[in-house]
Amino acid sequence: MRDLSAAHVEAFLEMMSAERGAALNTLEAYRRDLDDASSVLSAHGASLARASSDNIRSVIGDLAARGFSPASQARRLSALRQFYKFLHAEGLREDDPTGVVESPRKRRSLPKVLSVEDVTRLLAQAETDIAEARNDNEALQRIRFRALLELLYATGMRVSELVGLPYRVLAEGGRFLVIRGKGSKERMVPMSRPARAALDAWIAAIGDVAEESGFLFPASSNDGHLSRQVFARELKEVAARAGLPSASVSPHVLRHAFASHLLAGGADLRAVQELLGHTDISTTQIYTHVLDERLKQLVTEHHPLAKHPKNRD
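Residues numbered from 1 in each chain as written. Predicted model: local features only at pLDDT ≥ 70, side-chain atom pairs only at ≥ 80, totals over all residues. Heavy atoms only, no water.

Bringing the overall build of the chain into the picture now. Within the chain one finds 14 helices and 3 strands. Across the 313 residues of the chain, 40% fall into the buried class. Long-range pairs, those at least 24 residues apart, make up 58% of the contacts in the chain between residues at least 6 apart in sequence. Carbon and sulfur atoms make up 50% of the accessible area of the chain, which totals about 17600 Å². (Helix = DSSP H or I, 4+ residues; strand = E, 2+ residues; numbered from the N terminus. Buried < 20%, exposed > 50% of the residue type's maximum accessible area, 1.4 Å probe, protein only. Contact = heavy atoms within 4.5 Å. Areas by Shrake-Rupley, 256 points an atom, 1.4 Å probe, with all protein chains shown as cover.)

Here you go:
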């Protein structure tokens, strides 16, 4: 019987692109994962299209033997689940061999988080840097950085979403940003006054260049906008000047800070999920460790039996 694995993979990737709006990087990652699994299966005398549950376990076991972490193994298994789910839905297989395969156990580490005081120091340093700029070009770069920093902490955007913001991104009279996230899904995020003020200062400083380029943060790059790497480097430099350990500061850490500070301040987990652009609430639940003390305090202060144990008799 002819092996149709390659054709099935191409059909799967085409579906992910056309129906799910998967980004090019995502499609390439799926292709690498499936190609690697196919190679392992071939070595065991099996094929990707007709693999059994035991074959899939062999693929995961091979990853472990090669030193892949449980998290990487789980990601590969997830790609296989998506692939076989597609084959089953298309009638190309009568079963899903991954359905009875357990996901490798992985430790989910808590995200690194900056304190409110740390973020305040970063913002203050960004202001000081503008005042101490030695020339117009340096001042322009520092005004841009302040706008990026304010926007990131105020919205919790992914850094790729931030640097690629289109010029016409403001909505509702400038009170909201319309962010296009993973899978080209759009979400509305409210703008804080400091963030809007910093953005206005940047737009005023750059003149018509941003509008002509189509991006809020234009640059002479292949993409036409500032790169993630440039912003990340500038962030570490400002962190060092602010007296913070630069190794512990990154755009993603600021995204974590946004979520954690909101939850610690009383925000609803579902609202934070929407603001972050998480499809699944389980992704957002990694931040719930910051709720422990607040929840304990709420129970202590408001539960009728918490203050009067004798009432339980």
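Now that the structure has been shown, the text picks up again.
So, on to helix H2 (residues 24-43). In this model H2 runs 29 Å from its N-terminal to its C-terminal C-alpha over 20 residues, within 8% of the 28 Å that 1.5 Å per residue would give. Taken as a whole, H2 has its buried residues at Leu27, Ala29, Tyr30, Asp33, Leu34, Asp36, Ala37, Val40 and Leu41. Those residues of H2 that are buried are in contact with helix H1 (5-18), helix H3 (53-65) and helix H4 (70-89). A positive phi of about 75 degrees marks Gly45, the residue just after H2. (Expected span 1.5 Å × (residues − 1).)

Here the focus is the packing of aromatic side chains. Enumeration according to the criterion identifies 6 aromatic pairs in this entry. Ring centres of Trp202 and Phe217 lie 6.0 Å apart, and the angle between their planes is 20 degrees; this geometry places the pair in the stacked category. Residue Trp202 is located in helix H8 (residues 193-206), and its partner Phe217 is located in the loop between helix H9 (209-213) and helix H10 (228-241); the two are separated by 15 residues in the primary sequence. The burial state of Trp202 is the same as that of Phe217; both residues are buried. Of the aromatic side chains, those joined through ring pairs into one cluster are Phe12, Tyr30, Phe83, Tyr84 and Phe86. (Phe/Tyr/Trp six-rings, centres within 6.5 Å; stacked < 30°, edge-to-face > 60°.)

Bringing the packing of helix H6 (residues 136-155) against helix H11 (residues 251-264) into the picture now. It is at 7 Å that the axes of H6 and H11 come closest, and there the two elements cross at 40 degrees. Viewed along their axes, H6 and H11 adopt a mutual orientation that is oblique. Between H6 and H11, the residues in contact are Leu149, Leu152, Tyr153, Ala154 and Thr155 and Pro251, Leu254, Ala257, Phe258 and His261, respectively. Counted by class, the contact of H6 with H11 contains 8 nonpolar, 2 polar and no charged residues. (Axes fitted to C-alpha atoms, helices over the stretch in contact; angles between N-to-C directions. Parallel < 35°, antiparallel > 145°, perpendicular 65-115°, else oblique. Nonpolar A, V, L, I, M, F, W, Y, C, P; charged D, E, K, R; others polar.)

Here we take up the pairing of strand E3 (residues 186-190). Residues of E3 alternate between two faces, with Arg187 and Val189 buried on one and Glu186, Met188 and Pro190 left unburied on the opposite face. The sheet contact formed by strand E2 (residues 176-180) and E3 spans 5 bridges and is antiparallel. Paired with Phe176 across the strands is Pro190, a residue of E3. Connecting the antiparallel pair E2 and E3 is a turn made up of 5 residues, with Gly183 showing a positive phi of about 70 degrees. (Pairing = 2+ DSSP bridges.)

Time to look at the packing of H1 against H4. The contact between H1 and H4 brings their axes to 10 Å, and the two run at 95 degrees. Put simply, H1 runs roughly perpendicular to H4. Residues His8, Val9, Ala11, Phe12 and Met15 of H1 lie in contact with H4, whose contacting residues are Gln82, Phe83, Phe86 and Leu87. Partitioned by chemical class, the residues of the contact of H1 with H4 number 7 nonpolar, 2 polar and no charged.

Turning our eyes to something else, we now look at the environment of Ala79. By the secondary structure assignment, Ala79 is in helix H4. Relative accessible area serves as the criterion here: at 3%, Ala79 is assigned to the buried category. It is 10.0 Å that separates the C-alpha atoms of Ala79 and Arg32, two residues lying 47 residues apart in sequence. Dropping the residues within four chain positions of it, Ala79 is found in contact with Tyr30, Asp33 and Leu34.

Overall, the coordinates contain 18 salt bridges when judged by the stated rule. Among the ionic pairs, Asp62 bridges to Arg66, the shortest N-O distance being 2.7 Å. The closest approach of N and O atoms between Glu138 and Arg134, which form a salt bridge, is 2.6 Å. Salt bridges linked by common partners bring Asp33, Asp36, Asp62, Arg66, Arg75 and Arg76 together as one network. (Salt bridge = Lys/Arg side-chain N within 4 Å of Asp/Glu carboxyl O.)

With that out of the way, let us pick up the environment of Asp36. Checked against the element boundaries, Asp36 lands in helix H2. It is 9.8 Å that separates the C-alpha atoms of Asp36 and Leu63, two residues lying 27 residues apart in sequence.

Next up on the list: the environment of Phe68. Relative to the elements of secondary structure, Phe68 occurs in the loop between H3 and H4. Leave out the neighbours within four places in its chain, and Phe68 touches Leu63, Gln73 and Arg76.

This paragraph deals with H8. When the terminal C-alpha atoms of H8 are compared, their 20 Å separation across 14 residues agrees well with the 20 Å that a helix rising 1.5 Å per residue should span. Considered for burial, the residues of H8 that qualify are Ala195, Ala198, Leu199, Trp202 and Ile206. Relative to the axis of H8, the buried residues are bounded by an arc of 100 degrees and lie together on one face. In H8, the exposed positions angled more than 90 degrees off the buried face are occupied by Arg193 and Ala204. Measuring from the side-chain oxygen of the N-cap residue of H8 to the backbone nitrogen of Ala195 gives 3.2 Å; that N-cap residue is Ser192. (Arc of directions from axis to C-beta. Polar contact = N/O pair within 3.5 Å; in protein donor to acceptor, adjacent residues only side chain to side chain.)

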